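Take a look at the letters that make up each chain.
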Amino acid sequence: MTIRHHLSDDVLMAYSAGDLPEAFSLVVATHVSMCDECRARMESFDAVGGAVLAQGDTAAIGADSLAATMALIKSGPPQDKAPVRRSGIFPAPLADYAGDGPGAVKWRRVGGGVRQAILPTDSGASARLLHIPAGAAVPDHGHHGLEMTLVLQGAFRDETARFGRGDVEIATEADEHTPVAELGEDCICLAATDAPLRFTALLPRLAQPFFRI
Ligand code: ZN
Ligand code: ZN
């Protein structure tokens, strides 16, 4: 698995500080469990956060505190690094929400052969699994807020790039796209959104309230 599309530093820092809604945290935790590169960057943010907290509001920051912080970053956090438990195509953080794999998910049809399952998270944002048959498209849509999509199986392409297992696509207000699953294997994704998507075609827009896409 070669991951080409990663989480930004902003997102990793917000996650590390506990500032993300649960749905986005789930996508971040799942990607990090699959991606050594983002895990290493996140551990360095955790170490900096820990060092800042440890200093608290004690008056003077010693001249060597930067050096100490950099040493902490290099040495990584003190917690043990047990291997991440994996469960089929659902990494551990996702398995806690969705069960052991696609077979355990209660899928609902949303048209065009696409199926989805909304996952239980708090109301600040919503998380769902999407099952897109090989070769099928998710309806053309724009976004009112932020959409973060992580590929768990297969691959999809849209106007910007190709996304395979482990890749994350982050789409914002400015992006309108039509993700299409590659031929050969059905694509399964985990997606988080912080506002309802805005479909451009009439029919999907009418259906939107029912499906909570
Ligand atoms: Zn990554
Ligand atoms: Zn989208």
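The model shown is predicted, which means the values in this text are computed figures rather than measured ones.

Novice: Mind laying out the overall build of the protein, listing which residues take part and the relevant values?
Specialist: Along the protein, the regular secondary structure elements total 6 helices and 14 strands. When burial is assessed residue by residue, the protein has 43% of its 213 residues classed as buried. Sequence separation of 24 or more characterises 66% of the internal contacts of the protein that already satisfy a separation of 6 or more. Entry remark: accessible area of the protein is about 11,100 Å², with carbon and sulfur atoms responsible for 57%.

Novice: Quick rundown of the coordination of the zinc ion (ligand 1)? Include the residues and the values.
Specialist: Note on metal sites: the ideal angle is 109.5 degrees for four tetrahedral donors, and 90 or 180 degrees for six octahedral donors. Each protein donor to the zinc ion (ligand 1) is listed here as H6 (ND1), H31 (NE2), C35 (SG) and C38 (SG); together their distances run 2.1 to 2.3 Å. Look at where the donors of the zinc ion (ligand 1) fall in the sequence and you get H-x24-H-x3-C-x2-C. Each member of the pair, H31 as well as C35, carries the same accessibility label: buried.

Novice: Hey, could you go over helix α1 (residues 9-16) for me, with residue numbers and the actual values?
Specialist: Residues three or four positions apart in an α-helix share a direction because the helix packs 3.6 residues into each turn. Turning to α1, its buried residues are V11, L12 and A14. The buried residues of α1 occupy an angular sector of 160° when projected down its axis, which confines them to one face. Backbone geometry just after α1 places G18 at a positive phi near 75°.

Novice: An account of the state of the cysteines is requested, with residue identities and associated values reported.
Specialist: Considering all chains together, one arrives at 0 disulfides under this definition. Distance from the sulfur of C189, which forms no disulfide, to the nearest cysteine sulfur (C187) is 3.6 Å. The exposure class of C189 is buried, given its relative accessible area of 1%.

Novice: Pulling in residues and values, what's your account of the nonpolar core?
Specialist: With 33 residues, the main nonpolar core has L7, L94, L129 and L190 as its most contacted residues. Only α1, α2 (22-34), α3 (36-55), α5 (92-98), β4 (115-119), β5 (126-132), β7 (147-153) and β13 (187-193) provide two or more residues apiece to this core. Dropping the residues within four chain positions of it, L7 is found in contact with L12, V28, H31, V32, C38, R41, M148 and V168. By size, the runner-up hydrophobic cluster in this structure holds 12 residues, among which are I132, A136, V151 and A181.

Novice: I'd like to hear about the sheet that holds strand β9 (residues 162-164), residue by residue, with values.
Specialist: Strand order across the open sheet formed by 3 strands is β9-β8-β12, with antiparallel pairing between neighbours. Two strands close off the open sheet at either side, each with one partner strand: β9 and β12 (180-181). As paired elements, strand β8 (residues 155-157) and β9 share 3 bridges and run antiparallel to each other. Bridge pairing in β9 links A155 to G164.

Novice: Quick one: what's the story with the packing of α1 against α2, residue by residue and with numbers?
Specialist: In the contact formed by α1 and α2, the axes pass within 10 Å of each other and the chain directions differ by 110°. One finds that α1 runs roughly perpendicular with respect to α2. In this structure, α1 contributes V11, L12 and Y15 to the contact, and α2 contributes S25, V28, A29 and V32. Tallied by class, the residues present in the contact of α1 with α2 amount to 6 nonpolar, 1 polar and no charged.

Novice: Now, about α2: what can you tell me, with residues and values included?
Specialist: Over its 13 residues, α2 runs 19 Å from end to end, which matches the ideal 18 Å to within 8%, given 1.5 Å per residue. Taken across its 13 residues, α2 has 12 buried, putting it largely inside the fold. All buried positions along α2 are accounted for by A23, F24, S25, L26, V27, V28, A29, T30, H31, V32, S33 and M34.

Novice: Residue-level account of empty space enclosed by the protein, with values.
Specialist: Counted according to the given criterion, the structure contains 1 cavity of 30 Å³ or more. Taken together, 14 residues line the largest cavity, and the ones lying closest to its centre are L130, V138, E147, T149 and P179. Elements with a minimum of two residues in the lining of the largest cavity: β5, β7 and β13. At 3 residues, β5 tops the list of elements feeding residues into the lining of the largest cavity. Across the lining of the largest cavity, the residue classes break down as 8 nonpolar, 3 polar and 3 charged.

Novice: Explain the confidence of the model for the protein to me, and be specific about the residues and the numbers.
Specialist: Considering every residue of the protein, the mean pLDDT works out to 83; 76% of them sit at 70 or more. Of all secondary-structure elements in the protein, the lowest mean pLDDT belongs to strand β1 (residues 86-87), at 46, while β9 reaches the highest, 97. Of the regions scoring below 50 in pLDDT, residues 80-87 engages in 10 contacts with residues more than four places distant in sequence or in other chains.

Conventions we followed
Residues numbered from 1 in each chain as written. Chains lettered and ligands numbered in written order. Predicted model: local features only at pLDDT ≥ 70, side-chain atom pairs only at ≥ 80, totals over all residues. Heavy atoms only, no water. Helix = DSSP H or I, 4+ residues; strand = E, 2+ residues; numbered from the N terminus. Buried < 20%, exposed > 50% of the residue type's maximum accessible area, 1.4 Å probe, protein only. Contact = heavy atoms within 4.5 Å. Areas by Shrake-Rupley, 256 points an atom, 1.4 Å probe, with all protein chains shown as cover. Donors = N, O, S within 2.8 Å, 3.2 Å for Na, K, Ca; no water. Arc of directions from axis to C-beta. Disulfide = S-S within 2.5 Å. Core = buried A, V, L, I, M, F, W, Y, C linked by side-chain atoms within 4.5 Å. Pairing = 2+ DSSP bridges. Axes fitted to C-alpha atoms, helices over the stretch in contact; angles between N-to-C directions. Parallel < 35°, antiparallel > 145°, perpendicular 65-115°, else oblique. Nonpolar A, V, L, I, M, F, W, Y, C, P; charged D, E, K, R; others polar. Expected span 1.5 Å × (residues − 1). 1 Å grid on protein atoms, 1.4 Å probe; cavity = no way out; pocket = protein on both sides within 12 Å on 5 of 7 lines; lining within 4 Å. Points joined across faces, edges and corners; volume = space filled by probe spheres on them. pLDDT = per-residue confidence, 0-100.

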